[in-house]
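Overview (structure and organization)
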Amino acid sequence: AQTVTQSQPEMSVQEAETVTLSCTYDTSESDYYLFWYKQPPSRQMILVIRQEAYKQQNATENRFSVNFQKAAKSFSLKISDSQLGDAAMYFCSLEYGNKLVFGAGTILRVKS
Amino acid sequence: DAGVIQSPRHEVTEMGQEVTLRCKPISGHDYLFWYRQTMMRGLELLIYFNNNVPIDDSGMPEDRFSAKMPNASFSTLKIQPSEPRDSAVYFCASSPDSPTNYGYTFGSGTRLTVV
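Please read all numbers here as calculations on a predicted model, not as lab measurements. Per chain, the residues get numbers from 1 upward, laid out in the order the sequence is written. All chains are assigned letters beginning at A, and all ligands numbers beginning at 1, according to the order in which they are written. Residue-level local features of this predicted model are given only where pLDDT is at least 70; pairs of side-chain atoms are given and counted only at 80 or more, and the full residue set underlies all totals for whole chains, interfaces and linings. Here the side-chain values reflect all heavy atoms present in the structure, with hydrogen atoms and water set aside.

Focus on the interface of chain B and chain A
As a reminder of what qualifies: Between two residues, a contact is recorded if the distance between any of their heavy atoms is within 4.5 Å. Buried area is understood as the total, over both parts, of accessible area removed when two parts are fitted together, assessed with a 1.4 Å probe. What counts as a salt bridge is simple: a side-chain nitrogen of Lys or Arg found within 4 Å of a carboxyl oxygen of Asp or Glu. Polar contacts here mean pairs of N or O atoms no more than 3.5 Å apart (in protein, one a potential hydrogen donor and the other a potential acceptor; neighbouring residues in sequence count only if both atoms are side-chain atoms). Gly counts as polar in this scheme, as do all residues outside two lists: the nonpolar Ala, Val, Leu, Ile, Met, Phe, Trp, Tyr, Cys and Pro, and the charged Asp, Glu, Lys and Arg.
Taken together, the contact between chain B and chain A spans 25 residues of the former and 17 residues of the latter. Of the roughly 1,700 Å² buried between chain B and chain A on both sides combined, carbon and sulfur atoms contribute 49%. Close ionic contact of A:Lys99 with B:Asp56 constitutes a salt bridge, the shortest N to O distance being 2.5 Å. Between the two partners, chain B and chain A, sit 13 residue pairs in polar contact (both at pLDDT 80 or more). Here the side of chain B that touches chain A is composed, by residue class, of twelve nonpolar, ten polar and three charged.

Printed below as a string of structure tokens:
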């Protein structure tokens, strides 16, 4: 079975600082995709970043980057220069068979 | 493109009533997904369609739930009869081809409250 675990229910970061959100997963597949989604209070789910498992290079999108450790089945999200607009629930997700399974989410609070 | 459009945004209904949630995917997207989000269970996939055909409905909780996609631009999720435990946010999402290449584009969700 495919599972995704986010062990941090809530995190806080000072504006302009860096924060890392953790995610581990389990899958029997050798080729798969991982995603981070952001859900602000508006409730809209927004794709932040994606990683292909067969690529060793970590994905980066502006201030967002991942640390993908395939052997450890770890997929953390780093947010640099945090902004107030980054405050949201963040979901880690694993793709298998055209479906996404999501972790429980991490609430990120940004302090000014 | 206006994105994935869901209606209504909020729905309050009485137990036992029929509820219909609606979704218009992004034009040209071949995949459509229905998810349910609750505090207890998080985001759960209910059903997904490919080219209007239901592919996997193993997440549909029981026979009270049904979903249809009569054409490429419209899908419905129906609950009949509704129960208080159905209260949740229901999301529709679509993807152009394999979701692995693009992830999903989600709608804004419908918050359903069954009293």
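As for the packing of aromatic side chains
Stated formally: A pair of aromatic rings is counted whenever rings of Phe, Tyr or Trp (Trp by its six-membered ring) have centres within 6.5 Å, and the orientation is called stacked for planes under 30 degrees apart, edge-to-face for over 60 and tilted otherwise. Note on conventions: DSSP H or I runs of at least 4 residues are helices, E runs of at least 2 residues are strands, and numbering of each starts at the N terminus. Exposure is judged per residue with a 1.4 Å probe applied to protein chains only, and the accessible area is read against the type maximum: over 50% gives exposed, under 20% gives buried, and values in between give partly exposed.
Scanning the entire structure with this criterion turns up 17 aromatic pairs over all chains. Judged by centre distance (6.3 Å) and plane angle (70°), the ring pair of A:Phe102 and B:Phe106 falls under edge-to-face. With A:Phe102 in strand 11 (residues 99-102) and B:Phe106 in strand 10 (residues 105-106), this pair bridges two chains. Residues A:Phe102 and B:Phe106 agree in their burial class; the two are buried. Of the aromatic side chains, those joined through ring pairs into one cluster are A:Phe35, A:Tyr37, A:Phe91, A:Phe102, B:Tyr31, B:Phe33, B:Tyr35, B:Tyr48, B:Phe91, B:Tyr104 and B:Phe106.

Structural notes on the nonpolar core
Threshold: Put simply, buried Ala, Val, Leu, Ile, Met, Phe, Trp, Tyr and Cys residues joined by side-chain atoms within 4.5 Å make one nonpolar core.
In this structure, A:Tyr25, A:Trp36, A:Phe75, A:Leu77, A:Tyr90 and A:Leu108 are the most contacted members of the largest nonpolar core, which totals 25 residues. For this core, the elements supplying multiple residues, two or more each, are strand 3 (19-21), strand 5 (33-39), strand 6 (46-52), strand 8 (64-69), strand 9 (74-79), strand 10 (88-96) and strand 12 (106-111) of chain A. The residues touching A:Leu77, leaving out its near neighbours within four places in the chain, are A:Val19, A:Thr20, A:Leu21, A:Trp36, A:Ile49, A:Phe64, A:Ser65, A:Val66 and A:Tyr90. Ranked by size, the runner-up nonpolar core spans 21 residues in total, among them B:Leu46, B:Phe49, B:Phe65 and B:Leu112.

Remarks on the sheet that holds strand 7 (residues 65-71) of chain B
All names here are of chain B. Stated formally: Strands are labelled as partners when DSSP assigns at least two bridges between them. Geometry is summarised by axes, namely lines fitted to C-alpha atoms with helices restricted to the contacting stretch, and by angles between N-to-C directions that run from 0 to 180 degrees.
If you walk across this open sheet you meet the four strands as 1-3-8-7, and the pairing is antiparallel. On the outer flanks of this sheet lie strand 1 (5-7) and strand 7, each paired with one strand and no other. Across the sheet, the mean angle separating the axes of adjacent strands is 15° when strand polarity is ignored. Where strand 3 (residues 19-24) and strand 8 (residues 74-79) come together, five bridges link them in antiparallel fashion. Note that in strand 8 the partner of Leu21 across the bridge is Leu77.

Re the environment of A:Ser112
All names here are of chain A. Summarising the element assignment, Ser112 is placed in the segment after strand 12. Measuring from C-alpha to C-alpha, the distance between Ser112 and Glu15 comes to 5.3 Å, with 97 residues separating the pair along the chain. Residues within four places of Ser112 in sequence aside, it is in contact with Gln14, Glu15 and Leu84.

Quick look at unusual backbone geometry
Only a minority of non-glycine residues have a phi that is not negative, and only a minority of peptide bonds are not trans. Of note, the bond from B:Ser7 into B:Pro8 is cis; its omega dihedral lies within 30 degrees of zero at -10°. Of note, B:Pro8 is situated in the loop between strand 1 and strand 2 (10-13). A positive phi is found at A:Lys73, a non-glycine position, where the angle reads about 55°. Position of A:Lys73 relative to the elements: it lies in the loop between strand 8 and strand 9. The partly exposed category is assigned to A:Lys73, whose relative accessible area is 25%. The residue A:Asp81 is not glycine, and still its phi comes out positive at about 50°. Note that A:Asp81 resides in the loop between strand 9 and strand 10.

Section: the environment of B:Thr113
All names here are of chain B. Secondary-structure assignment places Thr113 in strand 11 (residues 110-114). Spatially, the C-alpha atom of Thr113 lies 15 Å from that of Leu77, the residues being 36 residues apart in sequence. Residues within four places of Thr113 in sequence aside, it is in contact with Glu11, Val12, Thr13 and Ser87.

Overview of the state of the cysteines
So the rule is basically this: Cysteine sulfur atoms that pair up within 2.5 Å are treated as a disulfide.
For the structure on display, the rule yields two disulfides over all chains. Across the disulfide, A:Cys23 is cross-linked to A:Cys92 (sulfur-sulfur distance 2.0 Å). Taking the sign of the S-S torsion, about -70° here, the bridge from A:Cys23 to A:Cys92 comes out left-handed. Placement of A:Cys23 in the loop between strand 3 and strand 4 (24-26) and of A:Cys92 in strand 10 is noted, with a sequence separation of 69 residues between them. The disulfide that involves B:Cys23 links it to B:Cys92, with 1.9 Å between the sulfurs.

Note that every value here comes from positions in space, so none of it alone points to a role or purpose.
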